[in-house]
Amino acid sequence: MAVIGVLLAFVANGLSPRGLDLTRNYFPGARLSLPAPAAETNLTGSAAAGTNSPHEGLLARLRAQGLQPADSNQVAQFFHDPRRLQEEVIFIDARDEKQYQAGHIPGAYHFDRFRPEDYLANVVQVCLSAQQIVFYCGGGDCDDSEHAAVMLRDSLALARERVFVYGGGFDEWTANGLPIELGARNSGQLTNATRSAVSPGGSPATR
Amino acid sequence: MNATSSAGERRPWHMAALGARWLLGGLFIYLGLIKVFRAAEFLKYVREQLMVTDPFLSGLIAAVAPWLEVLYGLLLLTGIARNAAALIARWWLGIVFIFMGLHKALPHPEAFLKLVRQYDVVTNPFLLNSIGAALPWFEVYCGVLLLAGVAVRGAALNLAVMLVPFTLVVIQRALTIAAASGLPFCAVKFDCGCGGGEVFICHKVVENTVLLLLSAWVLSGAARQLCLRHSLFREKAPASV
């Protein structure tokens, strides 16, 4: 009975339009130590605050993958860089569709690495022509930006010095009161919303 | 003489079953009252995790469901309407697993995959993907069997076999988080990938204990009413619990 159940489960996954591809490596790159639990934003209380180790762990992880970390100052500079208007500096949001629609860095392209086939057409050309590409996701324990960066960098043979990962992510961006764009890219709906207003019901698990 | 001996052999089993029933009743009352005292939190859970967006319906569920849990707990404690209670246990177990399975499988199975990966138990991509792909649907499968009353004991056994190791790895992860963050164990809150979003670990352990006890109860042969086919094979009639 259990065997039948397992077989049916695989069939259901195969039939599901959102089913997982068993042969694909969803977490490319070398096996890396996972973020220290204290770094997780989904803990209650503030015990995780005030320690540098999660940040250092993130930096070490990014460097091990040949990715350049970008802090909030650097990201703000990229955002205000006039070259952004010519798309020589671009942002890529690696969160899921719902979170992107709820708010993203203005002008950021969307790239959900779990559904690359849906987004590659939009990002390939801009990635090839951009001088600086900044990937981000939710921040905290989210590592989708890293995986998306590795995926696009390796598949498009992008130079390493052009690829940046904003570890603080969208959480830090909104916490800093920077502008966000609602809905589709270049929708023109700009606002300075707080985090709670832009991620309704957003679970860290889905970042 | 034989009857006396048989009754004597059954006594420890009956005592254990009685103890389990009382424990289950107490836990249901606890779970219900916790929701009553944390009404706003439970309402948020209904809206966000159960995805009941209609304000009236979500409010109704949040107001009524906790008291139904308390009532069910009292039924178990008193032993009233035991057959009906067993049937409710089977249906409740089925609905919970169907919901939790679908919550993981749709619409973002990759979110569940990421959570499984965080346990660091499986590193091989194919194995990891297999767990992420099959486990949610397997839970749905077991839930449907329980709800329909097909191969009931087998389905309950599957759930019990899954619940024990899952609960242990969730506790282990919570202990790691508690040690790293300095939080008390019961203050640790995280998404364990169980299908209900973020939960406090102690609450999760209570919930899993309830699910395990219910599975064991159904596995013992209870809840035979309204079954399409309780057993796929012929079996002996079980002792009444």
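Residues numbered from 1 in each chain as written. Chains lettered and ligands numbered in written order. Predicted model: local features only at pLDDT ≥ 70, side-chain atom pairs only at ≥ 80, totals over all residues.

A look at the sheet that holds strand β5 (residues 163–166) of chain A
What holds strands together in a sheet is hydrogen bonding between their backbones, with the strands either parallel or antiparallel.
All names here are of chain A.
Now for step 1: If you trace the 5 strands from one edge of the open sheet to the other, you get β1-β5-β4-β2-β3, paired in parallel fashion. Strands at the two margins of the open sheet, each flanked by one partner only, are β1 (68–70) and β3 (109–110).
Now for step 2: Examined bridge by bridge, strand β2 (residues 89–93) and strand β4 (residues 132–136) share 5 bridges and lie parallel to one another. Paired with Asp 93 across the strands is Tyr 136, a residue of β4.
Now for step 3: The strands that helix α3 (residues 72–80) touches are β1, β2, β4 and β5; relative to β4, the one it contacts most, it runs at about 125°. (Pairing = 2+ DSSP bridges. Helix = DSSP H or I, 4+ residues; strand = E, 2+ residues; numbered from the N terminus. Contact = placed C-beta atoms within 7 Å. Axes fitted to C-alpha atoms, helices over the stretch in contact; angles between N-to-C directions.)

Brief notes about the environment of Arg18(A)
Now for step 1: Mapped onto the fold, Arg18(A) is located in the loop between α1 (2–15) and α2 (53–64).
Now for step 2: Take Arg18(A): there are 13 C-beta atoms within 10 Å of it, and that puts it in the partly exposed class.
Now for step 3: As for Arg18(A) and Asn192(A), which are separated by 174 residues in sequence, their C-alpha atoms are 33 Å apart.
Now for step 4: When near neighbours in sequence (up to four residues on either side) are disregarded, Arg18(A) contacts Leu106(B), Pro107(B) and Pro109(B). (Buried ≥ 20, exposed ≤ 12 C-beta atoms within 10 Å, placed from the backbone.)

Here we look at the packing of helix α2 (residues 39–48) of chain B against helix α3 (residues 55–78) of chain B
Residues and elements named next belong to chain B.
Now for step 1: Packing of α2 against α3 leaves a shortest axis separation of 9 Å and a crossing angle of 125°. Between α2 and α3, the angle falls in the class oblique. Crossing of α2 over α3 shows right-handed handedness. Here Ala 39, Phe 42, Leu 43, Val 46 and Arg 47 of α2 come into contact with α3, specifically with Ser 58, Gly 59, Ile 61, Ala 62 and Pro 66.
Now for step 2: Of the residues that constitute the contact of α2 with α3, the class distribution is 7 nonpolar, 2 polar and 1 charged. (Parallel < 35°, antiparallel > 145°, perpendicular 65-115°, else oblique. Left-handed = near helix turned anticlockwise from the far one by under 90°. Nonpolar A, V, L, I, M, F, W, Y, C, P; charged D, E, K, R; others polar.)

Regarding unusual backbone geometry
Now for step 1: Even without glycine at this site, Glu87(A) takes up a positive phi of about 60°.
Now for step 2: As for its placement among the helices and strands, Glu87(A) is situated in the loop between α3 and β2.
Now for step 3: The residue Asp120(B) is not glycine, and still its phi comes out positive at about 60°.
Now for step 4: Residue placement: Asp120(B) occurs in the loop between α5 (109–118) and α6 (125–148).
Now for step 5: Given 13 C-beta atoms within 10 Å, Asp120(B) falls into the partly exposed group.

A word on the pairing of β4(A)
A regular strand places its side chains so that they alternate between the two faces of the sheet.
All names here are of chain A.
Now for step 1: Most of β4 sits out of view: 4 of its 5 residues are buried.
Now for step 2: Sheet topology places β4 next to β5; 4 bridges connect them, and they run parallel. Bridge pairing in β5 places Tyr 136 opposite Tyr 166.
Now for step 3: Taken together, β4, helix α6 (residues 144–156) and β5 form a β-α-β motif whose crossover is right-handed. (Right-handed = clockwise from strand over helix to strand, strands pointing away.)

Points about the domain arrangement of chain B
All names here are of chain B.
Now for step 1: The domain boundaries assigned to chain B delineate domain 1 (1–80) and domain 2 (83–241).
Now for step 2: A straight line from the C-alpha centre of domain 1 to that of domain 2 covers 16 Å.
Now for step 3: Residue-level contacts link 14 residues of domain 1 with 11 residues of domain 2.
Now for step 4: Going through the elements one at a time, α1 (2–37) and α3 are the ones with two or more residues in the side of domain 1 that touches domain 2.
Now for step 5: It is α1 that contributes the most residues to the side of domain 1 that touches domain 2, 9 residues altogether.
Now for step 6: Counted by class, the side of domain 1 that touches domain 2 contains 11 nonpolar, 1 polar and 2 charged residues. (Domains from an automatic or database assignment.)

A look at α1(A)
Now for step 1: Taking 1.5 Å per residue as the helical rise, α1(A) with its 14 residues ought to reach 20 Å, and the 20 Å between its terminal C-alpha atoms agrees with that figure.
Now for step 2: Every buried residue belonging to α1(A) is among Gly5(A), Ala9(A) and Asn13(A), and all of these are buried. Buried residues of α1(A), viewed axially, fall in a sector of 75°; they line one side. Turned more than 90 degrees from where α1(A) packs its buried face, Val3(A), Ile4(A) and Leu15(A) sit exposed.
Now for step 3: Check the buried side of α1(A) and you find it contacts α6 and α7 (152–181) of chain B. (Expected span 1.5 Å × (residues − 1). Arc of directions from axis to C-beta.)

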